[in-house]
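Single-letter residue listing:
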Amino acid sequence: MMKAIRIEEFGGPEVMKIVEVERPVPAADEILVKVYAASVNPADYIVRQGGNEGLKPLLKLPLGLGLDAAGIIEEVGSKVIEFKKGDRVYGVPNYLDGSYTQYLAAKSNQFGLMPGTLNFNEAGSLPACARMAYNGMVQKAKVQPGQRVLIHGAAGGIGNLALQFAKAYGAYVIGTASAHNAEFLKELGADEVIDYNTQNFEEILRDIDVVFNATHTTTVDEALRLRSVKVLKEGGIFVCTHGGWPSEEFKELLARKNATVSMAGVDINHQQIFNEVAKLVDAGKVKAVISKVYPWEQAADAHRDIETKHARGKIVLEIRQEK
């Protein structure tokens, strides 16, 4: 047996309960991970509340929460060759299984070896956001040295990593954020910061190669998409990290500039991304940014915190303490 956070009804943060459940047994292509840390993502409270249109039909109670984790491999399935017992790993659980748990069984190709320079809380803060930021910025936008990149929501979990990846690949990076995050973004390497409360980016910028939308929202911000086309250069790319597929109006405006749109997080090779991200972290080019660490008994407080939408970087649940 083990302990895990489960919800037996949809609702506010108080519906999360730590309960005793069966410890999972890994299948042939899975690993069993002793979980030390999991991060809190906006998707977690969306699921907890009952989901959005896309998720609703998939959610069956009782349900676990959590999109990513870091820990130590306790067991490997018979077909797993890339890991061994005792490896320190970070990655994502099987879809909708949840990672707010003492142990999880997951496909081995959804995990990578942890960056050697990070502790479990730091490593646990990365996977869910790193896969979106790396896939969108490096694999989809194919960011190049000297390109001009605009990141909306650059201080958030996905945004701060997208900024760091773009800088690691040699781009000139402009981030939008509230004024109190300007210095933080400069420390991460931003070349310019635009205060979205007082400045209209489309009046200031032009000739942008990549617009990366990492705004902390659960709905499609169509107005932001349309405004963004104005600053894109001919042949540029707009990368979405969430929300519905682009509207016809948006696609038509892009087509006039021979620009394209791409969705981050679709058809991705998790293990490849986590291995590449670990290299960047260990080379000192990317760092984990943590807003706050909560013991997992305080998961409700962690959810209240992330629902303010003002977290800088990531909120982490510490499942067990590192000795």
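This section reports on the structure supplied with the text. None of these values were measured; they are calculated from a predicted model.

Further remarks concern the packing of helix H3 (residues 127–140) against helix H9 (residues 270–282). Where H3 contacts H9, the axes come no closer than 10 Å and their chain directions differ by 90 degrees. As far as their axial angle goes, H9 and H3 are roughly perpendicular. Counted together, Pro 127, Ala 130, Arg 131, Tyr 134, Asn 135 and Gln 139 of H3 and His 270, Gln 272, Ile 273, Phe 274, Glu 276, Val 277 and Leu 280 of H9 form the full contact between these two elements. Split by residue class, the contact of H3 with H9 holds seven nonpolar, four polar and two charged.

This part is about the packing of H3 against helix H4 (residues 157–168). Look at H3 against H4: their axes get within 8 Å of each other, and the N-to-C directions meet at 45 degrees. What the angle tells us is that H3 and H4 run oblique. Considering the relative orientation of H3 and H4, their crossing is right-handed. Within the contact between the two elements, H3 uses Cys 129, Ala 130, Met 132, Ala 133, Tyr 134, Met 137 and Val 138 and H4 uses Gly 157, Ile 158, Leu 161, Ala 162, Phe 165 and Ala 166.

Below, the discussion takes up the packing of aromatic side chains. Going through the model one piece at a time under the given rule, you end up with four aromatic pairs. Relative to Phe 274, the ring of Tyr 90 has its centre 5.3 Å away and its plane inclined at 45 degrees; by these criteria the two rings are tilted. One end of the pair, Tyr 90, is in strand E6 (residues 88–91); the other, Phe 274, is in helix H9, and 184 residues separate them in sequence. For Tyr 90, a relative accessible area of 0% translates into the label buried. When the ring centre of Tyr 103 is taken as origin, the NZ or CZ atom of Arg 23, which lies over that ring, is 4.4 Å away. One cation-aromatic arrangement involves Arg 320 over Tyr 103; the distance from NZ or CZ to the ring centre is 5.2 Å.

Let us look at the sheet that holds strand E9 (residues 148–152). On the basis of which strands lie adjacent, the open sheet formed by six strands has the order E11-E10-E9-E12-E13-E14 and parallel pairing. Each of the sheet's edge strands pairs with one partner strand only, and the pair in question is strand E11 (192–195) and strand E14 (260–263). Each adjacent strand pair in this sheet contributes to an overall mean axis angle of 20 degrees, direction not counted. The sheet contact formed by strand E13 (residues 232–240) and E14 spans four bridges and is parallel. From the neighbouring strand, Val 239 faces E14, where its bridge partner is Ser 262.

Between side chains of opposite charge, a pair can form as their charged atoms come close. Applying the stated rule across the entire model yields 11 salt bridges. As a salt-bridge pair, Asp 209 and Lys 233 come within 3.3 Å of each other at their nearest N and O atoms. With a gap of 24 residues between them, Asp 209 in strand E12 (residues 208–213) and Lys 233 in strand E13 connect regions that are remote in the sequence. A salt bridge links Arg 304 to Asp 301, with the shortest nitrogen-to-oxygen separation between them at 2.9 Å. Residue Arg 304 and its partner Asp 301 are located together in helix H10 (residues 299–306), separated by three residues, close to a single helical turn.

A few words now on the environment of Gln 49. Among the structural elements, Gln 49 can be located in the loop between helix H1 (42–48) and strand E4 (63–64). With 39 residues separating them along the chain, Gln 49 and Phe 10 place their C-alpha atoms 5.0 Å apart. Filtering out sequence-adjacent residues up to four positions away, Gln 49 remains in contact with Phe 10, Gly 11 and Glu 307.

We now examine the side chain of Ser 99. Mapped onto the elements, Ser 99 comes out in the loop between E6 and strand E7 (103–107). Only 3.5 Å separates the side chain of Ser 99 from the backbone nitrogen of Leu 67, close enough to count as a polar contact. Aside from chain neighbours lying at most four places away, what touches Ser 99 is Val 35, Ala 38, Leu 65, Gly 66, Leu 67, Asp 68, Ala 69, Pro 93, Leu 104 and Ile 319.

Burial in helix H7 (residues 222–229) covers these residues: Leu 224, Arg 225, Leu 226, Ser 228 and Val 229. Buried positions along H7 lie against E9, helix H6 (201–204), E12, E13 and helix H8 (248–256).

This part takes up the sheet that holds strand E1 (residues 2–7). Backbone hydrogen bonds hold the strands of a sheet together, and the pairing may be parallel or antiparallel. Here we have three strands laid out as an open sheet, ordered E2-E1-E4, and antiparallel in their pairing. Each edge of the open sheet is held by one strand with a lone partner, namely strand E2 (16–21) and E4. In terms of strand pairing, E1 meets E4 through two bridges, oriented antiparallel. Note on E4: the bridge partner recorded for Ile 7 is Leu 63.

What counts and how
- Residues numbered from 1 in each chain as written.
- Predicted model: local features only at pLDDT ≥ 70, side-chain atom pairs only at ≥ 80, totals over all residues.
- Heavy atoms only, no water.
- Axes fitted to C-alpha atoms, helices over the stretch in contact; angles between N-to-C directions.
- Helix = DSSP H or I, 4+ residues; strand = E, 2+ residues; numbered from the N terminus.
- Parallel < 35°, antiparallel > 145°, perpendicular 65-115°, else oblique.
- Contact = heavy atoms within 4.5 Å.
- Nonpolar A, V, L, I, M, F, W, Y, C, P; charged D, E, K, R; others polar.
- Left-handed = near helix turned anticlockwise from the far one by under 90°.
- Phe/Tyr/Trp six-rings, centres within 6.5 Å; stacked < 30°, edge-to-face > 60°.
- Buried < 20%, exposed > 50% of the residue type's maximum accessible area, 1.4 Å probe, protein only.
- Lys NZ or Arg CZ within 6 Å of the ring centre and 35° of its normal.
- Pairing = 2+ DSSP bridges.
- Salt bridge = Lys/Arg side-chain N within 4 Å of Asp/Glu carboxyl O.
- Polar contact = N/O pair within 3.5 Å; in protein donor to acceptor, adjacent residues only side chain to side chain.

Taken by themselves, the reported measurements are silent on function.
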